[in-house]
Amino acid sequence: MTPDKLKRLTYSKYLFRRAKYFQQLGNELSSAEAVLAAHDAAEMLMRVITDHLGASPADKIMDFWKLVKDKTGSEPPHKGAMDRLNNLRVGFKHKGNLPNSSVVADLMPSVAAFCAESAEQYLGVDYESVSLIDLIPNAEARDKVKEAEKAKAESNIPNALLALGIAFDKLHDEARKRDSLGLIPQFHGRSDVDQAHIRAVRQVIDTVNIMILGIHPPRLRRFSASTPIRTYAMSGAMQVSWPYDPGRLGSDDYDFCHQFVIDFALRLAGSG
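These notes cover the structure that comes with them.

Criteria and cut-off values
- Position labels on residues start from 1 in each chain and follow its written sequence.
- Per-residue local features are limited, in this predicted model, to residues with pLDDT of at least 70; the limit for side-chain atom pairs, both in listing and counting, is 80 or more; totals at the level of whole chains, interfaces and linings are taken over all residues.
- With hydrogens and water set aside, each side-chain value is computed from the structure's full complement of heavy atoms.
- Only when DSSP finds a minimum of two bridges between them are two strands counted as paired.
- We count a stretch as a helix when DSSP gives it H or I for four or more residues in a row; a strand needs E for two or more, and each element gets its number in order from the N terminus.
- For our purposes a nonpolar core is just a set of buried Ala, Val, Leu, Ile, Met, Phe, Trp, Tyr and Cys residues, chained together by side-chain atoms within 4.5 Å.
- Categorising residues by exposure relies on relative accessible area from a 1.4 Å probe, with only protein chains included: less than 20% of the type maximum marks a residue as buried, more than 50% marks it as exposed, and the intermediate range marks it as partly exposed.
- Should any heavy atoms of two residues lie within 4.5 Å, those residues are counted as being in contact.
- Axis definition: a line fit to C-alpha positions, over the contact stretch in the case of helices; interaxial angles, taken between N-to-C directions, run 0 to 180 degrees.
- Working definition: roughly parallel below 35 degrees, roughly antiparallel above 145 degrees, roughly perpendicular at 65 to 115 degrees, and oblique for all remaining angles.
- The sense of a crossing depends on the near helix, which, turned anticlockwise from the far helix by less than a right angle, makes the crossing left-handed and, turned clockwise, makes it right-handed.
- In the scheme used here, Gly and all other residues not listed as nonpolar or charged are polar, with Ala, Val, Leu, Ile, Met, Phe, Trp, Tyr, Cys and Pro taken as nonpolar and Asp, Glu, Lys and Arg as charged.
- Here the expected span of a helix is defined as 1.5 Å times the quantity of residues minus one.

## Digging into the pairing of strand β2 (residues 238-241)
With four bridges joining them, strand β1 (residues 229-232) and β2 adopt antiparallel strand pairing. In the sheet register, Arg230 faces β2, and the bridge partner there is Val240. Count of turn residues in the β1/β2 antiparallel hairpin: five residues, of which Gly236 carries a positive phi of about 100°.

## Quick word on the nonpolar core
With 71 residues, the main nonpolar core has Leu45 and Phe114 as its most contacted residues. Beyond its immediate stretch of four places on either side in the chain, Leu45 contacts Leu9, Ser12, Phe114, Cys115, Ser118, Ala119, Leu123 and Tyr127.

## Comments concerning the packing of helix α1 (residues 3-25) against helix α5 (residues 101-123)
For the pair α1 and α5, interaxial distance at closest approach is 11 Å and the crossing angle is 165°. One element, α1, and the other, α5, form an angle in the roughly antiparallel class. With respect to the hand of their crossing, α1 and α5 are arranged in left-handed fashion. Counting all contacts with α1, which are made through Leu9, Phe16, Ala19, Lys20 and Gln23, the residues of α5 involved are Val104, Ala105, Met108, Val111, Ala112 and Leu123. Here the residues of the contact of α1 with α5 sort into nine nonpolar, one polar and one charged.

## Regarding helix α4 (residues 79-95)
The end-to-end C-alpha separation of α4 is 23 Å, in line with the 24 Å expected for 17 residues at 1.5 Å each. Here α4 has its buried residues at Ala81, Met82, Leu85, Asn86, Leu88, Arg89 and Gly91. Turning to α4, the residues buried within the fold contact α2 (28-53), α3 (64-72) and α5. Gly96 occupies a position one or two residues after α4 and carries a positive phi of about 75°.

Okay, structure coming up:
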């Protein structure tokens, strides 16, 4: 695998992770977004495979099976499932038909199987083990996400979520420093002003600044609710506290937080 092919394979994995996130939201529009992201993930993987095999790139997604069979003598798996995915995409993108959420949920495991089996068969790569970490330019944040993945592999969800929280803090600090001139200064108010009013204004300013940095406020609220409170002293020392029992958090919370950090890192890198 050349570095370029590996990078495109990593982006395929990233797009499929986004598809899973959208599908888990469970509404019709998010299911349509899942179809688009899953289709893009599969197409990118297909292009890596045809390039790797020296086959012609597919003009249409369903040409992939014939092109690969002509080159290797074997037909890639899950053609029927991928045809259904393609039909859902065409129906939504070109005809305005929202896919049924349950249909998308039933189809996603087959798309995952197509990606995994095709990557293994034609690239010799374990698709599931492809790491998104290398997409993070910030070295400190990247190290913390590695730490989070190690803790997750050891079934230590609280430590994994703590590491993801710190990774986000590193990225947030970088974003604030880079975009400092575009952020709204904090409001302090006068001593004779009602403190509830001051808090309300500060909350509005914080929300606007979050959006300026490219962060989706509802997703940040879920991320904050799934990670411990982190307080930093001027010296850089950190104190950690959980406002509840972290034992109630599981793999779904980890997956969401991991995707949230990767998304933020990519937005930060793309807007630099």
